[in-house]
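Understanding the architecture of this molecule
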Amino acid sequence: MGNVGLVGIGRDVAEVRACGLAPEAEAAFAAALVVQKQLADEFPQMRDGRYELAATLLNLAILSNGRRDFAQARRWLEQAKPHLQAALETNPIHPHYRQ
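Residues numbered from 1 in each chain as written. Predicted model: local features only at pLDDT ≥ 70, side-chain atom pairs only at ≥ 80, totals over all residues. Heavy atoms only, no water.

To continue, consider unusual backbone geometry. In this model, Arg68 sits at a positive phi of 65°, which is unusual for a non-glycine residue. Along the polypeptide, Arg68 turns up in the loop between α3 (47-66) and α4 (70-90). A relative accessible area of 63% places Arg68 in the exposed class. (Helix = DSSP H or I, 4+ residues; strand = E, 2+ residues; numbered from the N terminus. Buried < 20%, exposed > 50% of the residue type's maximum accessible area, 1.4 Å probe, protein only.)

What follows is the structure, given as structure tokens:
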């Protein structure tokens, strides 16, 4: 993710969907999610890790929304919220965390 904020993520995932690569992207995000959740559990004070986890959950929400699975998209977003809030609380002036 690096220097890409959450707004940029949404554009990138929309482009993935437009290219017909949503199933592959969703599988990759799901695999990343397993590792990111483990890291967040083991190192809860790693704000960038929490932000990355929130971004992955957002990507999954966008892809679910694209499939019109709105209930799943909402569940992904609800899971992302505490991780993004945790990152923001540790660094409230970080421009990406505030998006």
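Moving on, we get to α3. An ideal rise of 1.5 Å per residue puts 28 Å on 20 residues; α3 measures up with 29 Å between its terminal C-alpha atoms. Of all 20 residues in α3, 14 are buried, a share of seventy percent or more. Positioned one or two residues after α3, Arg68 has a phi angle of 65°, which is positive. (Expected span 1.5 Å × (residues − 1).)

Generally speaking, a soluble globular protein has its nonpolar side chains buried in company with each other. Of all hydrophobic cores here, the largest spans 13 residues; its most connected members are Leu33, Leu53, Leu57 and Trp76. For this core, the elements supplying multiple residues, two or more each, are α2 (22-42), α3 and α4. When residues of this core are assigned to their parent elements, the largest contribution, six residues, is made by α3. Among the nonpolar cores identified, the runner-up in size contains six residues, and Ala22, Ala25, Leu58 and Ile62 belong to it. (Core = buried A, V, L, I, M, F, W, Y, C linked by side-chain atoms within 4.5 Å.)

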